[in-house]
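Breakdown of the fold
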Amino acid sequence: MIDVLVADIPNAQKGFRLLFSATPFPGYKVKLDWRREEYGGNWYFSPEFKMEGWLCPALFKYFDKAPREIYVKAEPKM
C-alpha cells in the first residue's frame, strides 16, 4: 500500500514524509478503514487502492487504541 501511495514521489526509495491522523486534515490523500485486529496489530482497508494492509503494534505509539479511520498523506522529504 505504501508503494502505491508514494508512486508519484521522486526518489521515494531514499525517503519521504508520511503524515497521518485519526481525523481528516487538509490535503490528506487516502482514508484507511479499520477492519480487524490480528497478532497485536490491525488490518486497514483502502477503498481507493482496493487493498488491505496490516499495521504493527507500533501504531499504539501514536494512538491509545486503533482508530476506526486513519487519514494519510505522503510527500517528498524536505
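Residues numbered from 1 in each chain as written. Predicted model: local features only at pLDDT ≥ 70, side-chain atom pairs only at ≥ 80, totals over all residues. Heavy atoms only, no water.

**Description of a nonpolar patch on the surface**
Which entries qualify depends on this criterion: Nonpolar side chains (Val, Leu, Ile, Met, Phe, Trp, Tyr) within 5 Å and like charges within 9 Å form the patches, drawn only from residues with over 30% relative accessible area and no salt bridge. Here the accessible surface of atoms and residues is derived via Shrake-Rupley with a 1.4 Å probe, and residues count as covered only by protein chains that are part of the display. Each reported salt bridge corresponds to a side-chain nitrogen of Lys or Arg within 4 Å of a carboxyl oxygen of Asp or Glu. Only runs of H or I of at least four residues qualify as helices and only runs of E of at least two qualify as strands under DSSP, and these elements are numbered from the N terminus.
On the surface, a nonpolar cluster with roughly 300 Å² of combined accessible area is contributed by L18, F20 and Y62. Tracing the chain through its elements places F20 in strand β1 (residues 16-21).

**Quick look at the environment of F16**
For clarity, the cut-off: For each residue, the accessible area found with a 1.4 Å probe, counting protein chains only, is set against the maximum for its type, and the residue is called buried under 20%, exposed over 50%, and partly exposed in between.
Tracing the backbone shows F16 in strand β1. Since its relative accessible area comes to 28%, F16 is described here as partly exposed.

**Section: the nonpolar core**
Side chains of a nonpolar character, in soluble globular proteins, are inclined to be buried together. For clarity, the threshold we go by: Residue types Ala, Val, Leu, Ile, Met, Phe, Trp, Tyr and Cys, when buried and joined through side-chain atoms within 4.5 Å, form a set referred to as a nonpolar core. The contact rule is simple, with two residues in contact once any of their heavy atoms fall within 4.5 Å.
Among the nonpolar cores identified, the biggest contains 14 residues, and L5, L32, Y44, L59 and I70 are the most heavily contacted of them. In this structure I70 touches F20, S21, V30, K31, L32, Y44, L55 and L59, once residues within four positions along its chain are discounted.

**What about unusual backbone geometry?**
Non-glycine residue N11 carries a positive phi angle of around 55 degrees. If you trace the backbone, N11 turns up in the loop between α1 (2-5) and β1. One non-glycine residue with positive phi stands out, namely Y39, at about 55 degrees. Using a relative accessible area of 72% as the deciding quantity, one classes Y39 as exposed.

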